[in-house]
There are 6 protein chains.
Amino acid sequence: MNKKVSVYRKEHFNAAHRLHNPAWGEEKNYAVFGKCNNPNYHGHNYEMDVKITGEPGADTGYVIDLKFLSELVKENILEKLDHKNLNLDVPEFAHLNPTVENIAIVIYDILRSKIDEKLDLQIRLYETPKNFAEYPAS
Amino acid sequence: MNKKVSVYRKEHFNAAHRLHNPAWGEEKNYAVFGKCNNPNYHGHNYEMDVKITGEPGADTGYVIDLKFLSELVKENILEKLDHKNLNLDVPEFAHLNPTVENIAIVIYDILRSKIDEKLDLQIRLYETPKNFAEYPAS
Amino acid sequence: MNKKVSVYRKEHFNAAHRLHNPAWGEEKNYAVFGKCNNPNYHGHNYEMDVKITGEPGADTGYVIDLKFLSELVKENILEKLDHKNLNLDVPEFAHLNPTVENIAIVIYDILRSKIDEKLDLQIRLYETPKNFAEYPAS
Amino acid sequence: MNKKVSVYRKEHFNAAHRLHNPAWGEEKNYAVFGKCNNPNYHGHNYEMDVKITGEPGADTGYVIDLKFLSELVKENILEKLDHKNLNLDVPEFAHLNPTVENIAIVIYDILRSKIDEKLDLQIRLYETPKNFAEYPAS
Amino acid sequence: MNKKVSVYRKEHFNAAHRLHNPAWGEEKNYAVFGKCNNPNYHGHNYEMDVKITGEPGADTGYVIDLKFLSELVKENILEKLDHKNLNLDVPEFAHLNPTVENIAIVIYDILRSKIDEKLDLQIRLYETPKNFAEYPAS
Amino acid sequence: MNKKVSVYRKEHFNAAHRLHNPAWGEEKNYAVFGKCNNPNYHGHNYEMDVKITGEPGADTGYVIDLKFLSELVKENILEKLDHKNLNLDVPEFAHLNPTVENIAIVIYDILRSKIDEKLDLQIRLYETPKNFAEYPAS
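Residues numbered from 1 in each chain as written. Chains lettered and ligands numbered in written order. Predicted model: local features only at pLDDT ≥ 70, side-chain atom pairs only at ≥ 80, totals over all residues. Heavy atoms only, no water.

1. Things to note about the interface of chain A and chain F
Working step 1: Counting residues at the interface gives 21 residues for chain A and 21 residues for chain F.
Working step 2: Taking both partners together, chain A and chain F bury about 1,700 Å²; carbon and sulfur atoms supply 49% of that area.
Working step 3: When residues of chain A are sorted by the area they lose upon contact with chain F, Asn40, Asn45 and His83 of chain A head the list and together hold 34% of the total.
Working step 4: Along the contact surface separating chain A from chain F lie two salt bridges.
Working step 5: A salt bridge links Lys35 of chain A to Asp82 of chain F, with the shortest nitrogen-to-oxygen separation between them at 2.7 Å.
Working step 6: Our count for the contact surface shared by chain A and chain F stands at 17 residue pairs in polar contact (both at pLDDT 80 or more).
Working step 7: It is strand β2 (residues 42-54) of chain A that contributes the most residues to the side of chain A that touches chain F, four residues altogether.
Working step 8: Class assignment of the residues belonging to the side of chain A that touches chain F gives a composition of six nonpolar, 10 polar and five charged. (Contact = heavy atoms within 4.5 Å. Buried area = accessible area lost by both parts, 1.4 Å probe. Salt bridge = Lys/Arg side-chain N within 4 Å of Asp/Glu carboxyl O. Polar contact = N/O pair within 3.5 Å; in protein donor to acceptor, adjacent residues only side chain to side chain. Helix = DSSP H or I, 4+ residues; strand = E, 2+ residues; numbered from the N terminus. Nonpolar A, V, L, I, M, F, W, Y, C, P; charged D, E, K, R; others polar.)

The structure is reproduced here in structure tokens:
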């Protein structure tokens, strides 16, 4: 019998960023991104929920070992993003605006290649407790 | 390529209300709605998550500007509901019981007409941290 | 040896209220209390922390039995305030403005007479997650 | 017109458990389950969201009366699991590993038989604020 | 000039326990401790705030390095209590009832001997989000 | 009669910062501040509780109008710190390390001069949900 369960693991990282489109002048950037365009950067405590969906193993009762998932996130995501300047320190954002939408997509793309294809993956990323994003959309 | 992302904005308002069906007598109203039927009203800190789903713009990285969404909610929802008596001050509830389900539907209907048709909309409304509703159901 | 410990019990109630000083005219009331002066009332999910300080009993390890404390709060405070209109339904606020400060004082005065004099008591009352009060001040 | 709404009720219970597969030796159990395999048990504050989806009744505005749902959960789930040792006190886990996935499935199966078939049901169960599961997967 | 600041570090552990006084019979134990007396144990996600008070160092701006404090708590408290049965696995509770009051005192006594005497120490321990204790009382 | 009450108002801001002592070399800075020394900055969602203690006014029931306090914090603190780089954009940190301790002291010193001397003031500042500071210490 098919009993799909989703499991979630919460992780967090702290980073600086700036929203900016280099194809636009200073004025338009400020008009669109407001205070988030500060050339000296600002920052956030990002909190993320990694959601994995599949059938629990008959011998473990686990969809995925959440300690293993936590280690995978530490090595592949937190090492890359935690205590970093997203615009300056992270190659994926050299030419991509680090909005909460785009950061969620980048995290998904990295983790997708590390997780068994039989398992579904979704990322929810909180930029602040009031603003957050989910990818892929459900 | 199609990359749909959901973004969320959290807002809140405080209101008084009373659950009541005028077609029923006092006794049946009390039997069904209990303390929520208090004729002098009681109240809540309502917290709402507005969820918008679509593709991030190529030049902004935004599904929707969350500052714009927040302003839209302030003008169309908070002005109408915040620090109000839902039964007495809000025309939509003159003949509609202000349960958390119905308040979520009313908020959705108002916002739906203000937001680009290409974007999907969902409302999650917390009446208390323990009781909440989502419309449309997913 | 003297080992004083504080224990806390969290409880909540939902109520409607209106801030108003009957000695003032409508205009001054609105100038001072703003939207909180709505004559039709608004409301809140009040959350309270009841703090009791004393020495744990040698045979129980309890400063006070928190189940007993919870029952005491239910009977003396929640029965009186939950799902009520503070201005209309609660005699203590017939001539006292139900600000978060005054509600905390009223709750303290009621509980103080029910709790062993050897134990210290303090009330923290949240009107919203952003606005709260503590009585007596520490 | 068809207007499906989801409503949620949050409940909690505290329990001890141990992750263990009796078909494996001590060493393999420790390798797979780590500290969660402690033969003397450890425990959690489990928090659960019960989600019910359907159309609000025309005369009540309720998908389901959340007080009724809360009573149903108390009688059928909390009586069974709260302040219990899941492995020793709960027959469902005599031969089933009490992972957060399996506990969510057990809760779902019990409640499913008690709730009107026209209503959809989903359980979200938090083992800790960082580790949680949802069944059925959405 | 003297500028005392308090800093806090939040940590957590999961444990099983049972409230019991061996000097009493079964009946009295159940009358006093209720469901918490279950002989098969139950458990909690304990969350603790470690509060340190002192003057920030002129060259660091730190009262204490919170990474160092976190390591100290991991080695001396979490190694001892996390994923353990407090009654069976922790010598301090062999003859001491593991109430939230007593666990807070035990944690304080261990950490007090590891932290510079010039710094003040206080422990706040949450057994559940609704029940918590603080030692020493302030 | 003297009835002192404390009231609290929660506010938040997002900022980038870097921990660094210019009197030390690169190696010592990294040894002491670790990842927090990243020359490209990282950032946080800072959350602050502003605590004011005094007697409620006889005609208002307010210790202080929390809307007024919120405006005061917006003008004097959030304008200065929100969406800023603390090291580069805020003169107070040109020669002061922006640790959570020092930021709390700077906020206190600014607000102290704006608030009636009869009222006591305390700042609690969260750098993350796990690390926070309070000034003056209580």
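After that view of the structure, there is still more to cover.
2. Some words on unusual backbone geometry
A negative phi angle characterises most non-glycine residues, just as the trans form characterises most peptide bonds.
Working step 1: In this chain, Tyr135 of chain D is followed by Pro136 of chain D through a cis amide linkage whose omega measures -5°.
Working step 2: Backbone geometry at His83 of chain C places phi at a positive 60°, although glycine is not the residue there.
Working step 3: Checked against the element boundaries, His83 of chain C lands in the loop between α2 (66-81) and β3 (84-85).
Working step 4: Under the relative-accessibility criterion, His83 of chain C is labelled buried at 9%.
Working step 5: Even without a glycine there, the phi angle at Tyr41 of chain F is positive, about 75°.
Working step 6: Tracing the chain through its elements places Tyr41 of chain F in the loop between α1 (26-33) and β2 (42-54). (Buried < 20%, exposed > 50% of the residue type's maximum accessible area, 1.4 Å probe, protein only.)

3. Remarks on the packing of α2 of chain C against helix α4 (residues 100-112) of chain C
All names here are of chain C.
Working step 1: Their axes nearest at 10 Å, the elements α2 and α4 cross at an angle of 140°. The angle between α2 and α4 places the two elements in the oblique class. In this structure, the crossing between α2 and α4 has a hand that is right-handed. Of the residues in α4, those touching α2 at Leu72, Val73, Asn76, Ile77, Lys80 and Leu81 are Ile103, Ile107, Ile110 and Leu111.
Working step 2: Here the contact of α2 with α4 is composed, by residue class, of eight nonpolar, one polar and one charged. (Axes fitted to C-alpha atoms, helices over the stretch in contact; angles between N-to-C directions. Parallel < 35°, antiparallel > 145°, perpendicular 65-115°, else oblique. Left-handed = near helix turned anticlockwise from the far one by under 90°.)

4. Some thoughts on the relation of the copies chain A and chain F
Here the two chain copies are tied together by a rotation about an axis and a shift along that axis.
Working step 1: Superposition of chain A onto chain F requires a rotation of 180° combined with a translation of 0.0 Å along the rotation axis, giving an RMSD of 0.0 Å. Put plainly, the chains are arranged around a two-fold axis.
Working step 2: Looking at the interface residues of chain A, 100% of them are also at the interface in chain F, so both copies use one shared face. (Least-squares fit on C-alpha atoms with pLDDT ≥ 70 in both.)

5. Notes on the pattern of salt bridges
Working step 1: One pass over the structure, following the stated rule, counts 48 salt bridges over all chains.
Working step 2: Glu134 of chain C serves as the salt-bridge partner of Arg124 of chain C, at 2.8 Å between the closest nitrogen and oxygen. Of this pair, Arg124 of chain C sits in strand β4 (residues 120-128) while Glu134 of chain C sits in strand β5 (residues 131-135), placing them 10 residues apart in sequence.
Working step 3: Between Glu47 of chain D and Lys10 of chain D there is a salt bridge whose closest N-O contact spans 3.8 Å. Taken together, the residues Glu47 of chain D in strand β2 (residues 42-54) and Lys10 of chain D in strand β1 (residues 5-17) connect sequence positions 37 residues apart.
Working step 4: Here the residues in one salt-bridge network are Lys10, Glu47 and Asp49 of chain A, joined through shared partners.

6. Quick look at the packing of aromatic side chains
Working step 1: Summed over the entire model, instances satisfying the criterion amount to 36 aromatic pairs over all chains.
Working step 2: Look at Phe33 of chain B and Tyr62 of chain D: their rings are 5.6 Å apart centre to centre, the planes differ by 80°, and that puts the pair in the edge-to-face class. You can see Phe33 of chain B sitting in helix α1 (residues 26-33) and its partner Tyr62 of chain D sitting in the loop between β2 and α2 (66-81), one on each of two chains.
Working step 3: The class of Phe33 of chain B is buried, set by a relative accessible area of 0%.
Working step 4: An aromatic cluster is built from Tyr8 of chain A together with Tyr126 and Phe132 of chain D, whose rings are joined through pairwise contacts.
Working step 5: Above the face of the Trp24 of chain B ring, Lys28 of chain B is positioned so that its terminal group lies 4.4 Å from the ring centre.
Working step 6: Sitting over the face of the ring of Tyr8 of chain A, Arg124 of chain D holds its NZ or CZ atom 4.8 Å from the ring centroid. (Phe/Tyr/Trp six-rings, centres within 6.5 Å; stacked < 30°, edge-to-face > 60°. Lys NZ or Arg CZ within 6 Å of the ring centre and 35° of its normal.)

7. Section: the side chain of Arg9 of chain E
Working step 1: Within the element layout of this structure, Arg9 of chain E appears in strand β1 (residues 5-17).
Working step 2: According to the relative accessible area criterion, Arg9 of chain E is buried, its value standing at 14%.
Working step 3: Ignoring any residue separated from it by four or fewer positions in sequence, one finds Arg9 of chain E in contact with Met48, Asp49, Val50, Leu66, Leu69 and Ser70 of chain E together with Lys130 and Asn131 of chain F.

8. Examining the environment of Lys35 of chain A
Working step 1: With respect to the helices and strands, the residue Lys35 of chain A is situated in the loop between α1 (26-33) and β2.
Working step 2: You can call Lys35 of chain A partly exposed: its relative accessible area is 45%.
Working step 3: Taking C-alpha positions, Lys35 of chain A is 43 Å from Lys4 of chain A, a pair spaced 31 residues apart along the chain.
Working step 4: Leave out the neighbours within four places in its chain, and Lys35 of chain A touches Tyr30 and His42 of chain A together with Asp82 and His83 of chain F.
Working step 5: At 2.7 Å, the side chain of Lys35 of chain A forms a polar contact with the side chain of Asp82 of chain F.

9. Focus on the arrangement of the chains
Working step 1: Chain C makes no contact with chain D; the smallest distance between any of their C-alpha atoms is 14 Å.
Working step 2: Kept free of each other, chain A and chain E leave a smallest C-alpha distance of 14 Å between them.

Nothing here speaks to function; it is all geometry.
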